[in-house]
Structures are given as C-alpha cells and as structure tokens.
Amino acid sequence: MIDLKSPVDLKSLVRTIPDFPKPGIDFRDISTLLADGGGFAAAITAMVELARPLDIDRIIAIDARGFLFGAPVAVALGAGIIPARKKGKLPGATLGVDYALEYGTDRLELHVGAVLPGHRALIIDDLIATGGTAMACVSLLREAGAEVAGAIFAIDLPDLGGADRMRAAGVSVNSLMSFGGH
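As a starting point, this report considers the structure included with it. (Residues numbered from 1 in each chain as written. Predicted model: local features only at pLDDT ≥ 70, side-chain atom pairs only at ≥ 80, totals over all residues. Heavy atoms only, no water.)

Two elements in contact, helix H3 (residues 37-51) and helix H4 (residues 65-77), have axes whose closest approach is 9 Å; the angle formed by their N-to-C orientations is 55°. Put simply, H3 runs oblique to H4. As H3 packs across H4, the resulting crossing turns out to be right-handed. Between H3 and H4, the residues in contact are Phe 40, Ala 43, Ile 44, Met 47, Val 48 and Ala 51 and Leu 68, Phe 69, Pro 72, Val 73, Ala 76 and Leu 77, respectively. (Axes fitted to C-alpha atoms, helices over the stretch in contact; angles between N-to-C directions. Helix = DSSP H or I, 4+ residues; strand = E, 2+ residues; numbered from the N terminus. Parallel < 35°, antiparallel > 145°, perpendicular 65-115°, else oblique. Left-handed = near helix turned anticlockwise from the far one by under 90°. Contact = heavy atoms within 4.5 Å.)

This is the structure we're talking about:
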C-alpha cells in the first residue's frame, strides 16, 4: 500500500538547487518528488481531486515535465491528453503562438484538431513562474475555440506573478505547493 503524503509533505520532496541556471535563482527540482513513489502518487491524487469537479474532456500537458503529471491525471479522469510542445516537435499541421521569454521569444504548438470548439480543457504543468508558457497555452486553446476550465501546477512561484497573471485572464489556477523567491 502506498503511503499518501499531504501537500505539506510534498514540499519536503522538492530539492532546491541554488544559483541554477544562473546566480540568484533557486531552482525547484521536481526530480526528487518524482523519485519518491508515495510522494508522486500523492501529487497525482491531489491533482485528480482538484480536476474532478471541472468536468474536463482534454488535459493539455505543457512540454515536457507537464507530460509527467498530465498523463496519469488524464487516465484517472478518462480524459484525452494533448501535448503542448515547443516549436518543431509535433508532426503535421499545428496551431502555434509566439510568446516572450526573459531573453527572446519561443513558440508553443498544438496539433490542429486536437482541441475543438466546445472542449473543456485543463492545463497541467510542473511549475508556474512568470506564466509566459501557460498564457501561451491559454491563447492557443481559446484560438481553437476550447473553454479553458482551469490550470493545475505542482509548484507555484507566486513572487514571479504567473498564477496571478492567469487569474487576471479569467483562468482558475490551483497548485499543490508554493515557494517564495525566484
């Protein structure tokens, strides 16, 4: 039997790596959470419980760590899972949006037809910081005609404002834990 840990316990399973990828940044490493079977199961269970009332039919998992959380949540809910990928990673026709990064731009893409008008979509990723990638995902889903039912993240870095940015755009946001700083 798996010993399910509470969200408070989950924080202790996230390793902090100071000064990565550059000085002054405290990198929140989820690999230690993923490596703990009970902790990972507890994180998935918590995400499923947050998602269940949303009556979603598509989970949009953001490249690439979002795939790790999104797939088991989709299975538990009987929902389809759609990967939101970086430019050039999806074969076939894509719908894409460029978005700003701290130093330049990037592009997020979905397969054309993977999300349709009337679909209720839930965005899942490991972490929300400034919200650039998540907001790009919101833009893509709305362009496709889907309803963005919400977003769930394992970790929120509230000092960077991404979750607040999403809420200001009318998206309900939940996270399992938060860490101060950058």
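After that view of the structure, there is still more to cover.
Moving on to the environment of Asp 106. Here Asp 106 lies in strand E6 (residues 104-111). Excluding residues that lie within four positions of it along the chain, Asp 106 makes contacts with Lys 86, Val 97, Asp 98, Tyr 99 and Leu 101.

In this structure, Tyr 99 sits in strand E5 (residues 94-101). Between the C-alpha atoms of Tyr 99 and Thr 133, which are 34 residues apart in sequence, the distance is 7.2 Å. One polar contact links Tyr 99 to Thr 133, side chain to side chain, over a distance of 3.1 Å. (Polar contact = N/O pair within 3.5 Å; in protein donor to acceptor, adjacent residues only side chain to side chain.)

Put simply, the largest pocket is a space of about 1,100 Å³. Forming the walls of the largest pocket are 35 residues, and the residues nearest its centre are Arg 65, Leu 127, Ala 129, Thr 130 and Thr 133. (1 Å grid on protein atoms, 1.4 Å probe; cavity = no way out; pocket = protein on both sides within 12 Å on 5 of 7 lines; lining within 4 Å. Points joined across faces, edges and corners; volume = space filled by probe spheres on them.)

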